[in-house]
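Fold and geometry: a report
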Amino acid sequence: MEQFYTLVQSHAIVISAVILILAYIFIALEKIPKVTIALLGAAVVVFTGLVSQEKVGETGLNELYFINFVDFNVIFLLVSMMIIVNVTTRCGVFKWIAIELLKMTKGHPLMVLIVLSFFTAILSAFLDNVTTVILVMPITFVVAKQLDLNPIPLLIAEVFSSNIGGTATLIGDPPNIIIGSAAGFSFMNFLSELTIICLIIMVAVIGFLYLCFKKQLKTTEEKMAKILELDNSKTITDYALLKRSLLILGLVILGFITHDITHIATCIIAFIGASILLLFEKPEEAFKDVEWNTIFFFIGLFIIIGAFEAAGGIKLMADWLLKVTAGSQKITSFVILWASGILSGIIDNIPYTATMAPMIQEIELIKGRDYVLPLWWCLSLGACLGGNLTIIGAAANVIVSENAAKNGHPIKFLSFMKYGIVVVFISLSLATGYIWIRHFM
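Below or above, wherever it landed, is the structure these notes cover. Please read all numbers here as calculations on a predicted model, not as lab measurements.

1. Some details on the overall build of the protein
Scanning the protein from terminus to terminus reveals 22 helices and two strands. In terms of principal-axis extent, the alpha carbons of the protein reach across some 80 × 50 × 45 Å. When each of the 441 residues of the protein is scored for burial, the buried share is 54%. Residue pairs at least 24 apart in sequence account for 79% of intrachain contacts in the protein once pairs closer than 6 positions are excluded. As presented, the protein carries roughly 19800 Å² of accessible surface, and 67% of it is formed by carbon and sulfur atoms.

In structure tokens, the structure reads:
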């Protein structure tokens with residue numbers, strides 16, 4: 001075994017790169033659950049000695065200990081927010097808000113498209129995208145039936161909106177959670193940096209979708225009147241749960257906003273909120289709704305990428321990127337923005353971001369904090385907005401596609417991509433202009 005470990009160490013970059021690339025390929029193929037691939041890859045890199053099994057080395061704590069590569073800021077924030085959001089959802093408050101907003105549209109199809117899109121975007125900024133579309137989809141099918149509309153235009157608009165809205169905040173999309181932890185950005189950093197451009201992109205995308213679907217967004221006055229008759233009196237199912245869950249959620253978000261004053265990490269704020277909420281809940285019920293597949297996918301992925309980083313692969317990537325762009329901050333930023341946007345539409349944006357984040361950290365060691373600041377925002381915008389490119393570009397897209405098919409309205413891959421290409425081009429073009437104005441003028 002000693003000779004085996006020596007051989008592995010002498011070819012560590014190549015072996016760790018092959019494992020990482022194979023993981024990417026199998027994740028993209030979707031033949032095996034991605035959590036299985038991530039955990040299997042993690043087991044291989046630990047077994048081969050690319051990362052260490054030992055917590056303590058000869059000179060003290062071992063820096064290459066495999067657990068050290070797991071970003072527990074990300075893990076605790078994800079688990080805590082999943083608990084808070086899932087418990088809050090059970091009282092029916094988000095569904096109640098959606099129906100009340102729809103009543104305000106008086107059933108006008110264009111206003112329904114706008115309201116559902118912006119509601120989805122705003123909700124996605126504070127809940128995870130999958131939870132958001134699961135909440136909004138049933139309402140969409142009801143409204144489409146009442147108005148005798150094809151629900152596909154509304155569903156496509158909601159998919160695009162969930163990814164755009166999730167881009168705006170630290171907790172809106174998993175890539176942002178990874179970036180926030182790696183870069184040390186607060187909730188307010190994301191809000192102040194990305195809210196404006198996300199709003200601009202939303203307006204542009206909704207305008208484009210209206211032009212595409214305006215012929216399908218037509219109904220009669222009689223059917224429009226039915227929207228006002230939607231019964232919302234029994235939507236809230238538990239008023240005690242409503243009060244305490246909204247109080248905790250509000251305090252957690254307030255904690256995120258005041259991070260720059262309190263300096264309490266966002267993962268700790270969410271952890272405290274989830275723990276208090278669990279005092280009133282059955283833990284087994286709350287934990288049942290946590291997406292454990294996602295959590296263990298992250299853990300396995302961090303270890304695989306950690307092996308590549310420990311071997312020096314991340315530094316090699318950083319040096320190569322700086323060489324290709326001749327060290328230009330502008331070119332490097334826009335290469336990351338557009339590459340992230342395109343690649344995140346083809347492969348899962350979580351492993352992509354998890355690989356790119358340590359690379360930007362490596363560039364920071366070479367070029368400094370000021371140099372990498374626009375790079376982080378380009379990574380966030382590209383990775384999150386690129387999810388709109390294809391129907392498999394983000395988890396929310398897949399959920400909507402599967403549910404649409406079950407309800408007799410399948411969304412074909414190429415049909416979605418026809419709109420996705422234009423939406424991503426609009427989004428990345430506007431993001432390019434925004435980054436240029438904000439950081440390079």
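2. Remarks on the packing of aromatic side chains
Summed over all chains, the structure comprises 17 aromatic pairs. Measuring from centroid to centroid gives 5.9 Å for Phe298 and Phe302, while their planes differ by 40 degrees, and the two rings are tilted. Placement of both Phe298 and Phe302 in helix α16 (residues 292-310) is noted, with a separation of four residues, approximately one turn of the helix. Arranged with centres 5.8 Å apart and planes meeting at 75 degrees, the rings of Phe334 and Phe440 form a pair that is edge-to-face. With Phe334 in helix α18 (residues 329-346) and Phe440 in helix α22 (residues 413-440), this residue pair connects regions lying 106 residues apart in the sequence. A connected cluster of aromatic rings, assembled from ring pairs, spans Phe72, Phe76 and Phe271. A cation sits over an aromatic face here: Lys34 above Phe297, 4.8 Å from the ring centre.

3. Considerations on helix α3 (residues 34-47)
If you check α3, its first and last C-alpha atoms are 20 Å apart, about what 14 residues at 1.5 Å a residue would give, namely 20 Å. For α3, the complete set of buried residues consists of Val35, Ile37, Ala38, Gly41, Ala42, Val45 and Val46. Take α3 and look down its axis: the buried residues cluster within an arc of 160 degrees, on one side only. Across from the buried face of α3, at angles greater than 90 degrees, the exposed residues are Leu40 and Phe47. On its buried face, α3 is in contact with α2 (12-29) and α16. Two residues or fewer past α3, Gly49 is found with a positive phi of approximately 85 degrees.

4. Some words on the state of the cysteines
Disulfides are covalent bonds that link the sulfur atoms of two cysteine residues. A full pass over the atoms with the stated rule returns zero disulfides. Considering cysteine sulfurs only, Cys384 is the nearest to Cys198, which forms no disulfide, with 8.1 Å between them. A disulfide-free cysteine, Cys267 has its sulfur positioned 19 Å from the sulfur of Cys384, the nearest such atom.

5. Description of the packing of helix α10 (residues 187-213) against α22
Two numbers describe how α10 lies on α22: the axes approach to 10 Å, and their chain directions differ by 150 degrees. Here α22 runs roughly antiparallel to α10, going by the angle between their axes. The hand of the α10/α22 crossing is right-handed. Only Tyr419, Val422, Val423, Ile426, Ser427, Leu430, Ala431, Tyr434, Arg438 and His439 of α22 make contact with α10, whose side of the interface consists of Ser192, Glu193, Ile197, Ile200, Ile201, Ala204, Val205, Phe208, Cys212 and Phe213. A per-class count over the contact of α10 with α22 returns 15 nonpolar, three polar and two charged.

6. Observations concerning the pattern of salt bridges
A side chain with one charge can pair with a side chain of the opposite charge if their charged atoms come near. Throughout the structure, instances matching the rule amount to eight salt bridges. A salt bridge links Asp148 to Lys223; the shortest N-O distance between them is 3.2 Å. With a gap of 75 residues between them, Asp148 in the loop between α7 (129-147) and α8 (152-166) and Lys223 in helix α11 (residues 221-227) connect regions that are remote in the sequence. Assessed through its relative accessible area of 54%, Asp148 is described here as exposed.

7. Side note on the nonpolar core
One finds Leu77, Met81, Phe256, Ile363, Trp376 and Ile411 to be the most contacted residues of the largest nonpolar core, which totals 151 residues. In terms of residue count, the dominant contributor to this core is α10 (12 residues). Every residue in contact with Met81, bar those within four places of it in the chain, is listed here: Phe126, Ile171, Leu249, Val252, Phe256 and Ala270.

8. Points about the layout of surface pockets
Sizing a probe to match a water molecule and rolling it over the atoms shows the empty space that remains. By volume, the largest pocket amounts to about 1000 Å³. Residue lining of the largest pocket: 39 residues in total, with Lys34, Val130, Thr294, Asp348 and Ala395 positioned closest to the centre. Contributing elements (two or more residues each) for the lining of the largest pocket: α2, α3, α4 (72-89), α7, α9 (174-183), α16, α19 (349-367) and α21 (395-406). By residue number, the principal contributor to the lining of the largest pocket is α21, which donates five residues.

9. Focus: unusual backbone geometry
The backbone of Asp148 sits at a positive phi, close to 55 degrees, despite the residue not being glycine. Backbone geometry places His263, a non-glycine residue, at a positive phi of 60 degrees. Looking at where His263 falls in the secondary structure, it is placed in the loop between α13 (259-262) and α14 (266-278).

10. What to know about the side chain of Thr48
With respect to the helices, strands and loops of the structure, Thr48 is situated in the loop between α3 and β1 (56-57). For Thr48, a relative accessible area of 9% translates into the label buried. In terms of polar contacts, Thr48 uses its side chain to reach the backbone carbonyl oxygen of Val44, at 2.8 Å. A distance of 3.3 Å separates a polar atom in the side chain of Thr48 from the backbone oxygen of Val45.

11. A few points about a nonpolar patch on the surface
A cluster of nonpolar residues, Ile67, Phe72, Phe76, Ile264, Ile268, Phe271, Ile272, Ile276, Leu279 and Phe280, forms a patch on the protein surface that exposes about 880 Å² of accessible area. If one sorts the elements of the nonpolar patch by residue count, α14 sits on top with four residues. Here Leu279 lies in the loop between α14 and α15 (283-288). Owing to a relative accessible area of 67%, Leu279 belongs among the exposed residues under this scheme.

12. Thoughts on the environment of Thr120
With respect to the element layout, Thr120 can be found in helix α6 (residues 109-126). With relative accessibility at 0%, the residue Thr120 sits in the buried group. For the pair Thr120 and Glu100, spaced 20 residues apart in the sequence, the C-alpha separation amounts to 14 Å. In this structure Thr120 touches Thr132, Val136, Glu158, Ser161 and Ser162, once residues within four positions along its chain are discounted.

Rules behind the numbers
One numbering rule holds for all chains: residues counted from 1, following each sequence as written. Local features are withheld for residues below a pLDDT of 70 in this predicted model, meaning they are given only at 70 or higher, and side-chain atom pairs are given and counted only at 80 or more; totals for whole chains, interfaces and linings count all residues. The side-chain values count all of the structure's non-hydrogen atoms but skip hydrogen atoms and water molecules. Each helix corresponds to a stretch of at least 4 residues labelled H or I by DSSP, and each strand to a stretch of at least 2 residues labelled E; elements are numbered beginning at the N terminus. The classification of residues rests on relative accessible area computed with a 1.4 Å probe and restricted to protein chains. Under 20% of the type maximum is buried, over 50% is exposed, and intermediate values are partly exposed. Whether two residues are in contact is decided by their heavy atoms: any pair within 4.5 Å suffices. Here the accessible surface of atoms and residues is derived via Shrake-Rupley with a 1.4 Å probe, and residues count as covered only by protein chains that are part of the display. Stacked, tilted and edge-to-face pairs are distinguished by plane angle, under 30 degrees for stacked and over 60 for edge-to-face with tilted covering the rest, among Phe, Tyr and Trp rings (Trp via its six-membered ring) whose centres lie within 6.5 Å. Sitting over a ring, as applied to charges here, requires NZ of Lys or CZ of Arg to be within 6 Å of the ring centre and within 35 degrees of the ring normal. Under the convention used throughout, the expected extent of a helix is 1.5 Å for every residue step, that is, one less than its residue count. This arc is built from the directions going out from the helix axis to the C-beta atoms. Throughout, disulfides are identified as pairs of cysteine sulfur atoms within 2.5 Å of each other. Where helices are involved, their axes are fitted lines through C-alpha atoms of the stretch in contact, as for all axes, and angles between N-to-C directions lie from 0 to 180°. Should an angle fall under 35 degrees it is taken as roughly parallel, and over 145 as roughly antiparallel, whereas 65 to 115 is taken as roughly perpendicular and any remaining angle as oblique. In a left-handed crossing the near helix is turned counterclockwise from the far helix by less than a right angle, and in a right-handed crossing that turn is clockwise. Throughout, the ten residues Ala, Val, Leu, Ile, Met, Phe, Trp, Tyr, Cys and Pro are labelled nonpolar, Asp, Glu, Lys and Arg are labelled charged, and all others, Gly among them, are labelled polar. Every case where a carboxyl oxygen of Asp or Glu lies within 4 Å of a side-chain nitrogen of Lys or Arg is listed as a salt bridge. Among buried residues, those of type Ala, Val, Leu, Ile, Met, Phe, Trp, Tyr and Cys that are joined through side-chain atoms within 4.5 Å constitute a nonpolar core. Cavities and pockets are defined on a 1 Å grid built over the protein atoms alone: a cavity is a set of grid points where a 1.4 Å probe fits but cannot escape, while a pocket is an open set with protein on both sides within 12 Å along at least five of seven lines, and lining residues are those with an atom within 4 Å of any such point. Grid points are joined across faces, edges and corners, and a volume is the space filled by probe spheres set on the points. Identification of polar contacts relies on pairs of N or O atoms within 3.5 Å, with a donor-acceptor requirement for protein atoms, meaning one able to donate a hydrogen and the other able to accept it, and with residues adjacent in sequence counted only if both atoms are side-chain atoms. Here the term patch refers to residues with relative accessible area over 30% and no salt bridge, with like charges joined within 9 Å and nonpolar side chains (Val, Leu, Ile, Met, Phe, Trp, Tyr) within 5 Å.

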